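Residue strings, one per chain:
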There are 4 protein chains.
Amino acid sequence: MLTGKKVAFVGGDARILEVIRHLIELDAGAVLMGFDRLEAGIPGAEKVGLTVEALADVDALVLPLAGLDEEGYADSAYSAGRIRLQDEHFSALPSYCQVFSGIAGPYLEQICRRHGLRLVKLMDLDEVAILNSIPTAEGAIQMAMENTDITIHGSRSMVLGFGRCGMTLARILAAMGAKVKAGARKPADLARIREMGLTAFPMKDLGDQVGDAEIIFNTIPAPVLTADILARVPRNCLIIDIASKPGGTDFRYAQRRGIRALLAPSLPGIVAPKTAGQILAGTLSRYIWESG
Amino acid sequence: MLTGKKVAFVGGDARILEVIRHLIELDAGAVLMGFDRLEAGIPGAEKVGLTVEALADVDALVLPLAGLDEEGYADSAYSAGRIRLQDEHFSALPSYCQVFSGIAGPYLEQICRRHGLRLVKLMDLDEVAILNSIPTAEGAIQMAMENTDITIHGSRSMVLGFGRCGMTLARILAAMGAKVKAGARKPADLARIREMGLTAFPMKDLGDQVGDAEIIFNTIPAPVLTADILARVPRNCLIIDIASKPGGTDFRYAQRRGIRALLAPSLPGIVAPKTAGQILAGTLSRYIWESG
Amino acid sequence: MLTGKKVAFVGGDARILEVIRHLIELDAGAVLMGFDRLEAGIPGAEKVGLTVEALADVDALVLPLAGLDEEGYADSAYSAGRIRLQDEHFSALPSYCQVFSGIAGPYLEQICRRHGLRLVKLMDLDEVAILNSIPTAEGAIQMAMENTDITIHGSRSMVLGFGRCGMTLARILAAMGAKVKAGARKPADLARIREMGLTAFPMKDLGDQVGDAEIIFNTIPAPVLTADILARVPRNCLIIDIASKPGGTDFRYAQRRGIRALLAPSLPGIVAPKTAGQILAGTLSRYIWESG
Amino acid sequence: MLTGKKVAFVGGDARILEVIRHLIELDAGAVLMGFDRLEAGIPGAEKVGLTVEALADVDALVLPLAGLDEEGYADSAYSAGRIRLQDEHFSALPSYCQVFSGIAGPYLEQICRRHGLRLVKLMDLDEVAILNSIPTAEGAIQMAMENTDITIHGSRSMVLGFGRCGMTLARILAAMGAKVKAGARKPADLARIREMGLTAFPMKDLGDQVGDAEIIFNTIPAPVLTADILARVPRNCLIIDIASKPGGTDFRYAQRRGIRALLAPSLPGIVAPKTAGQILAGTLSRYIWESG
Ligand SMILES: NC(=O)c1ccc[n+]([C@@H]2O[C@H](COP(=O)([O-])OP(=O)(O)OC[C@H]3O[C@@H](n4cnc5c(N)ncnc54)[C@H](OP(=O)(O)O)[C@@H]3O)[C@@H](O)[C@H]2O)c1
Ligand SMILES: NC(=O)c1ccc[n+]([C@@H]2O[C@H](COP(=O)([O-])OP(=O)(O)OC[C@H]3O[C@@H](n4cnc5c(N)ncnc54)[C@H](OP(=O)(O)O)[C@@H]3O)[C@@H](O)[C@H]2O)c1
Ligand SMILES: NC(=O)c1ccc[n+]([C@@H]2O[C@H](COP(=O)([O-])OP(=O)(O)OC[C@H]3O[C@@H](n4cnc5c(N)ncnc54)[C@H](OP(=O)(O)O)[C@@H]3O)[C@@H](O)[C@H]2O)c1
Ligand SMILES: NC(=O)c1ccc[n+]([C@@H]2O[C@H](COP(=O)([O-])OP(=O)(O)OC[C@H]3O[C@@H](n4cnc5c(N)ncnc54)[C@H](OP(=O)(O)O)[C@@H]3O)[C@@H](O)[C@H]2O)c1
């Protein structure tokens, strides 16, 4: 329980609403800044203005997942105006206050450092990345379902990369009955792939492996599906690339060869905002709780 | 291989194209009637008119999956006009010819009986129903993904009915990480559900079980999700009803209570026509092969 | 709950002790006949002599799983002497009393019929056979582990028969990472095998399939692993035959060819008597409960 | 293929035989030293004496998995006498020769360093540890089966530690139908446990979690199942401790409390020597191949 803790929320999207609900359930006090258009409100949360007073005794300041832009503005899906956070606000925060965002640019990094505040970038945490791999994988699979005329079951599916997303994706695809080949470069990853009952191949052999693929999922943020490789991919194969922009696919060449290739960013917030919010809420509340 | 066998196709949809391709791969001869708008054609298949001569030596006559209507008309997604099959056509068929459709109404049943021809209703075959349960289950899950803000993983999902579709659906959902409760009325089904590691409950206890469901999949073609039961279902629960029309849900009451409930007919042909065609092709070619 | 019900137990083994414990937990009254050597006793159960009076008001009579022999004797692992049940005992039972055994020979069948009593042969019930398939499958796998120098994971394992035991065995082996081929004769079973992601083959092709098997599990109570077939099985393959005696293997020929083949009867009672007892207890208590 | 490569084997056990066979299949030349009692021999391998000449042109020297003792002796299951390797032998090896063992003591480490030879300790490699986790996990499960009267299916099983062995063990147990709780101390591990659909708990809460355990598998090489914790473990719970000696269990206290606790070292070589040998063979041949 977080009884006695006070958390200030400044802007955000549907995922942040889920975080607010979760913290209130844990009995934390919640003040909302920049949620004026949230008509129904959230029982137990109080809408307030962004003032120095309101920030003076908070244990945590929760920013939008995108953090602040380089002028200090926070986006909010629930506010007409924009909200700007500046030195005066950060200097109002108590020294023990933790600041939470998903990612952070130089502005946010520097202002926290300047005021001696602990900044937690949730998306950088391994545990969040692993749990987020679940909605990511489901989103990628949903896209594959929507864009093929075959079932996942029985499909010859490839997963490139065996990090946090790759392992989850491979596991779910196999569980659904796909014939999964997974590519990685580390021998330890290849061993784990085999342990999981899947077919493993070293990424350097990618070209020899793609010849009969029906669906390729890429998770590697590096140019792996190059023109050379794509030339050996069957024309009716579908590529779902979830790696961070610009992905790992030569999209220009794919299009020229007539291969459908889709870049799929930000899946958790799109396909399962509630689950994505709960993931953040779980980690965030643990951080507040452990800080004593 | 089906070398030396001749198969006539009269109308149909994308699934029938898959059947044609598969049979040609097995070296059967294929004549197509009512495919005039199929511009590219299918290598190895010959488009002909619907004539008595063309039917005189065929080993199999493949009709659309919906069969014939009560005036003998066959639908075709690849023909401008409609095609009508009458006594003259059936009497032209050799006595050893097998007639294939998905389902059959009285007209088709009677005309086959009259001419002493074996009619195979593919959709009635247990093996087809089981394999079709795969695209059906994936289609239902895709709909659930598209209509919720949570992941299948971790969701409290219910499956009503443990026949051919129910077993497949429950297995895939659990494999994806859902917390699956499955309801059936036969003790043997309840035992199999437990063997598969899922939570089993007798359908008569349905009312006591729905209180915390997030997604309910119904496969029972009988009124099971009645108003009484729906009154105990949480408002934000999603219902996907795949049972044959009119489904097993009181849709009127569901709407009144604000529960989203979707009737989802004909999923295999919609979400995975190629796989659905391959399933039919596999069974159909075995029937032709086994008939000697 | 079974409050107010009285159940008499006459002999049995470790599994029956589990049944007794379970019924007492459900608040049934339990009288034990032929448990004199059970020193500790079971809290809540009363040891009595086998008398007409003691039987006069029981709702259920639970015999050993093997039933009675042809002279009416019941075996007991917990009694020095033997116990004999005759007409006088059965005529003492109230007409609503149900008689439970695992299996039944003519003596038991006839005596129940003569006295108009309902006889429930638990081992004949589909639900018990399905739940029993779990300890059976685990026992067979344990034997395979103990008798090979390879892991189940990655092994080329075959399962013959896809009934209640075959399905469970195939599912667990695949889950453990074995490469499972399952053989059945019904097209519907072959379809279900494929749905489960395993390799299916028709039993008539068995000879063509065994050439690289490392472990073969047989569940078919008919001569399927004949000399003809065994001649094509690799010499270092292990056969575990769980079908009821004499199994489905030509053991004489297997030995001659140097193939290790083990007949494995009565696994549940041997490898997991507690689980086996709980399975029986669950079904038995439901029967008593439903009889009103 | 390893055509043209020459490998010398000095002693070893059943696993090494598997390595020899595998390398011969890849067309490597194999000379065996200290295999005099291996009567049948291995086709393609040549038994020779341990001489400086025989070592002069080898690409790899494969020692027993236990390495050499502090006087340079190598154990062999296939030799009456003992074999001693000294400076003269190592100095005979070409500079490009790789030396393989499972583990290594100071003698072996130093003699390799002295002669500028690359020493590969196979058991230290992550990929070997991961693949070895498979026979380890199966061996642990086999022991649990042999020492309980319940099935793995449905059992309340705990896995302590989520490293290479812990992940594999948890995955297989869950696949077999156990209700698995896995304990780890890293938030990322807890996240992965949840992703895999299992119940995760932080090791610091171990005491609160053990109250209803039926089987506990420990993989943590540190005192985790202390007297304090064991006092809360049910008396009929079985503990299988696979952590390296002395394990993570207070065996003395466990015995005093009447809890069965088994230390289970060296499982791969015991339960599946052939698989264990193939794992080593795969990695070893890759090292030889990659060294050019
Ligand atoms: N679309 C979305 O909604 C979404 C959601 C989450 C994550 N993502 C993105 O998806 C990507 C994967 O995320 P993650 O959490 O799985 O990351 P991760 O755990 O770091 O995994 C990345 C994988 O790529 C491999 N890799 C990196 N560079 C490589 C190269 N040059 N050649 C071969 N393999 C290479 C890594 O192998 P090594 O271990 O050998 O380096 C690892 O297997 C990231 O770009 C991430 O931003 C997208
Ligand atoms: N939407 C689609 O794309 C699609 C695709 C395939 C099938 N379907 C439809 O889905 C439904 C299920 O197909 P299926 O192949 O799974 O059929 P099935 O194998 O016959 O299974 C039907 C299940 O419903 C149960 N059931 C029937 N009447 C019941 C009642 N009054 N109360 C309780 N349980 C009852 C059956 O239990 P018992 O065994 O105890 O009778 C069985 O478990 C059918 O209506 C079928 O037409 C739809
Ligand atoms: N060792 C033990 O501890 C233990 C425990 C439980 C059961 N059992 C024994 O194991 C056997 C299987 O039990 P179960 O419960 O799985 O029985 P089941 O459900 O009746 O399954 C039997 C399987 O064998 C097939 N089969 C029967 N005769 C055949 C034939 N002539 N050719 C090809 N297939 C044939 C059946 O196919 P169809 O459906 O096509 O007929 C079915 O797939 C029985 O003998 C049973 O007594 C032993
Ligand atoms: N019996 C056999 O046949 C056999 C076979 C293989 C291995 N083993 C032995 O089994 C053990 C595990 O092997 P492995 O390959 O899985 O090793 P591993 O990958 O290093 O895993 C060890 C696990 O123990 C955890 N751990 C270590 N110290 C801990 C502590 N003080 N408190 C809580 N957790 C702690 C680690 O957590 P962190 O990641 O947080 O450190 C990790 O999860 C080793 O002792 C190994 O020698 C035995």
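It should be emphasised that the depicted structure is a prediction, and the values quoted were computed from it without experimental measurement.

*Asks:* Please provide a residue-by-residue account of the relation of the copies chain A and chain B, values included.
*Replies:* Note on the identical chains: chain A maps onto chain B by a rotation of 180° and an axial translation of 0.1 Å, with an RMSD of 0.1 Å. Those values place the two copies in the arrangement expected of a two-fold rotation axis. If distances are taken from each C-alpha of chain A to the rotation axis, the shortest is found for A:A175, at 2.6 Å. Both copies present the same face, since 100% of the interface residues in chain A are matched by interface residues at the equivalent positions in chain B.

*Asks:* Got a sec to walk through the site of ligand 2? Specific residues and values, please.
*Replies:* All names here are of chain B. As a matter of local geometry, ligand 2 sits amid 20 residues, with C165, R185, K186, A264 and L267 nearest to it. The contact in question runs from an oxygen atom of ligand 2 to an N or O atom on the backbone of G163, over 3.1 Å. In the model, an oxygen atom of ligand 2 is placed 2.8 Å from a nitrogen or oxygen of the R185 side chain. Here ligand 2 has 920 Å² of accessible area as a free molecule, and 73% of this is covered by the chains. At the level of secondary structure, the elements contributing two or more residues to the shell around ligand 2 comprise α6 (164-175) and α11 (267-271). Partitioning the shell around ligand 2 into residue classes produces eleven nonpolar, six polar and three charged.

*Asks:* Before we move on, could you go through the interface of chain C and chain B and cite the residues and values that matter?
*Replies:* In this assembly, 19 residues from chain C lie in contact with 19 residues from chain B. Interface of chain C and chain B: buried area, both sides summed, is about 1,700 Å²; carbon and sulfur atoms make up 64% of it. By the criterion of area lost to chain B, the three top residues of chain C are C:I130, C:R192 and C:E195, representing 33% of everything that side buries. One can count two salt bridges joining chain C with chain B.

*Asks:* Lay out the pairing of strand β10 (residues 179-184) of chain C in plain terms, naming residues and giving numbers.
*Replies:* All names here are of chain C. In the sheet, strand β9 (residues 156-160) pairs with β10 via five bridges, with the strands oriented parallel. Bridge pairing in β10 links R156 to K179. A crossover connection joins β10 to the parallel strand β11 (residues 199-202) through helix α7 (residues 187-195); in handedness this β-α-β unit is right-handed.

*Asks:* How would you explain the pairing of strand β8 (residues 118-121) of chain B if you had to name every residue and give the values?
*Replies:* All names here are of chain B. Where strand β7 (residues 98-101) and β8 come together, four bridges link them in parallel fashion. Bridge pairing links S101 to K121 in β8. After leaving β7, the chain enters helix α4 (residues 106-114) and then returns to the sheet as β8, a path that is right-handed.

*Asks:* Describe in detail the UniProt feature "domain: Dipicolinate synthase subunit A N-terminal" (unreviewed entry) in chain A, supporting the description with residues and values.
*Replies:* In this structure's numbering, the residues bearing the UniProt feature "domain: Dipicolinate synthase subunit A N-terminal" (unreviewed entry) are residues 6-123 of chain A. Annotated as 26% helix and 24% strand, the span residues 6-123 of chain A places its first and last C-alpha atoms 23 Å apart.

*Asks:* So what's going on with the site of ligand 1? Which residues, and what values?
*Replies:* Residue and element names in this part refer to chain A. Around ligand 1 lies a shell of 20 residues, among which C165, R185, K186, A264 and L267 are the nearest. In the environment of ligand 1, an oxygen atom lies 3.1 Å from a nitrogen or oxygen atom belonging to the backbone of G163. Measuring from an oxygen atom of ligand 1, one finds a backbone N or O atom of C165 at 2.8 Å. Coverage of ligand 1 by the protein chains reaches 73% of its 920 Å² of free accessible surface. Here the residues of the shell around ligand 1 sort into eleven nonpolar, six polar and three charged.

*Asks:* Can you explain the UniProt feature "domain: D-isomer specific 2-hydroxyacid dehydrogenase NAD-binding" (unreviewed entry) in chain A? Please cite residues and give values.
*Replies:* Sites flagged by UniProt as "domain: D-isomer specific 2-hydroxyacid dehydrogenase NAD-binding" (unreviewed entry) map to residues 148-230 of chain A. Secondary structure across residues 148-230 of chain A comprises 35% helix and 23% strand; the distance between its end C-alpha atoms is 18 Å.

*Asks:* Tell me about the relation of the copies chain C and chain B, and please be specific about residues and values.
*Replies:* Its rotation angle being 180°, the transformation that places chain C on chain B also includes 0.1 Å of axial translation and leaves an RMSD of 0.1 Å. Interface residue correspondence from chain C to chain B reaches 100%, placing this contact among same-surface, isologous pairings.

*Asks:* Describe the state of the cysteines, naming the residues involved and giving the relevant values.
*Replies:* Residues and elements named next belong to chain B. Per the stated rule, a full pass over the model turns up zero disulfides over all chains. Cysteine C237 is unpaired, with the sulfur of C165 as its nearest cysteine sulfur at 19 Å. Using a relative accessible area of 2% as the deciding quantity, one classes C237 as buried.

*Asks:* Quick one: what's the story with the interface of chain A and chain B, residue by residue and with numbers?
*Replies:* Tallying the contact residues gives 22 residues for chain A and 22 residues for chain B. Both sides together, the interface formed by chain A and chain B hides about 2,100 Å², and carbon and sulfur atoms give 57% of it. When residues of chain A are sorted by the area they lose upon contact with chain B, A:E138, A:M145 and A:T151 head the list and together hold 27% of the total. For the pair chain A and chain B, the number of links is zero salt bridges. Sorting the residues of the side of chain A that touches chain B by element identifies α5 (126-146), α6 (164-175) and α12 (273-290) of chain A as the ones contributing at least two each. Tallying contributions element by element places α5(A) first for the side of chain A that touches chain B, with six residues. Taken together, the residues of the side of chain A that touches chain B sort by class into eleven nonpolar, six polar and five charged.

*Asks:* For the sheet that holds strand β1 (residues 6-10) of chain D, give the residues involved together with the corresponding values.
*Replies:* All names here are of chain D. With respect to topology, six strands assemble into an open sheet ordered β3-β2-β1-β4-β7-β8, the strand pairing being parallel. The open sheet has two edge strands, β3 (45-47) and β8 (118-121), and neither has a second partner. Across this sheet, the average inter-strand angle for adjacent strands is 20°, counted without regard to direction. Taken together, the five bridges between β1 and strand β2 (residues 29-33) define a ladder with parallel strand orientation. Counted as the bridge partner of A8 is V31 from β2. Running over the sheet, helix α1 (residues 14-25) touches β1, β2, β3 and β4 (60-62) and is turned about 170° from β1.

*Asks:* Tell me what's going on with the sheet that holds strand β12 (residues 215-218) of chain C, and back it up with residues and numbers.
*Replies:* All names here are of chain C. Taken together, six strands build an open sheet; the order of strands is β11-β10-β9-β12-β13-β14 and the sheet is parallel. In this open sheet, the two strands that pair with only one neighbour each are β11 and β14 (260-263). Within the sheet, the average angular offset between the axes of one strand and its neighbour, ignoring direction, is 20°. As judged from the four bridges shared by strand β13 (residues 238-241) and β14, these two strands associate in the parallel manner. Looking across to β14, one finds that I239 is bridged to A261. Packing against the sheet, helix α6 (residues 164-175) makes contact with β9, β10 and β12, and its axis sits at approximately 165° to β9.

*Asks:* Describe the packing of aromatic side chains, with residues and values.
*Replies:* Residue and element names in this part refer to chain C. Within the structure shown, the criterion is met by eight aromatic pairs over all chains. On the basis of an interplanar angle of 10° and a centroid distance of 6.0 Å, the ring pair of F35 and Y78 is categorised as stacked. One end of the pair, F35, is in the loop between β2 (29-33) and β3 (45-47); the other, Y78, is in the loop between β5 (73-74) and β6 (83-84), and 43 residues separate them in sequence. Under the relative-accessibility criterion, Y78 is labelled buried at 16%. Here the guanidinium or amino end of R82 rests over the ring plane of Y73, the centre of that ring lying 4.2 Å away.

*Asks:* Outline the packing of α5(A) against α6(A), listing residues and values.
*Replies:* Residue and element names in this part refer to chain A. Look at α5 against α6: their axes get within 8 Å of each other, and the N-to-C directions meet at 45°. The angle between α5 and α6 places the two elements in the oblique class. Crossing angle aside, the handedness with which α5 passes α6 is right-handed. Between α5, through D126, A129, I130, S133, I134, T136, A137, A140 and I141, and α6, the contact on the second element is made entirely by R164, C165, T168, L169, I172 and L173. Of the residues assigned to the contact of α5 with α6, the class counts are ten nonpolar, three polar and two charged.

Quick notes on the rules
Residues numbered from 1 in each chain as written. Chains lettered and ligands numbered in written order. Predicted model: local features only at pLDDT ≥ 70, side-chain atom pairs only at ≥ 80, totals over all residues. Heavy atoms only, no water. Least-squares fit on C-alpha atoms with pLDDT ≥ 70 in both. Contact = heavy atoms within 4.5 Å. Near = heavy atom within 4 Å. Polar contact = N/O pair within 3.5 Å; in protein donor to acceptor, adjacent residues only side chain to side chain. Areas by Shrake-Rupley, 256 points an atom, 1.4 Å probe, with all protein chains shown as cover. Helix = DSSP H or I, 4+ residues; strand = E, 2+ residues; numbered from the N terminus. Nonpolar A, V, L, I, M, F, W, Y, C, P; charged D, E, K, R; others polar. Buried area = accessible area lost by both parts, 1.4 Å probe. Salt bridge = Lys/Arg side-chain N within 4 Å of Asp/Glu carboxyl O. Pairing = 2+ DSSP bridges. Right-handed = clockwise from strand over helix to strand, strands pointing away. UniProt positions renumbered as here; feature names shortened; annotations may be inferred. Disulfide = S-S within 2.5 Å. Buried < 20%, exposed > 50% of the residue type's maximum accessible area, 1.4 Å probe, protein only. Axes fitted to C-alpha atoms, helices over the stretch in contact; angles between N-to-C directions. Phe/Tyr/Trp six-rings, centres within 6.5 Å; stacked < 30°, edge-to-face > 60°. Lys NZ or Arg CZ within 6 Å of the ring centre and 35° of its normal. Parallel < 35°, antiparallel > 145°, perpendicular 65-115°, else oblique. Left-handed = near helix turned anticlockwise from the far one by under 90°.

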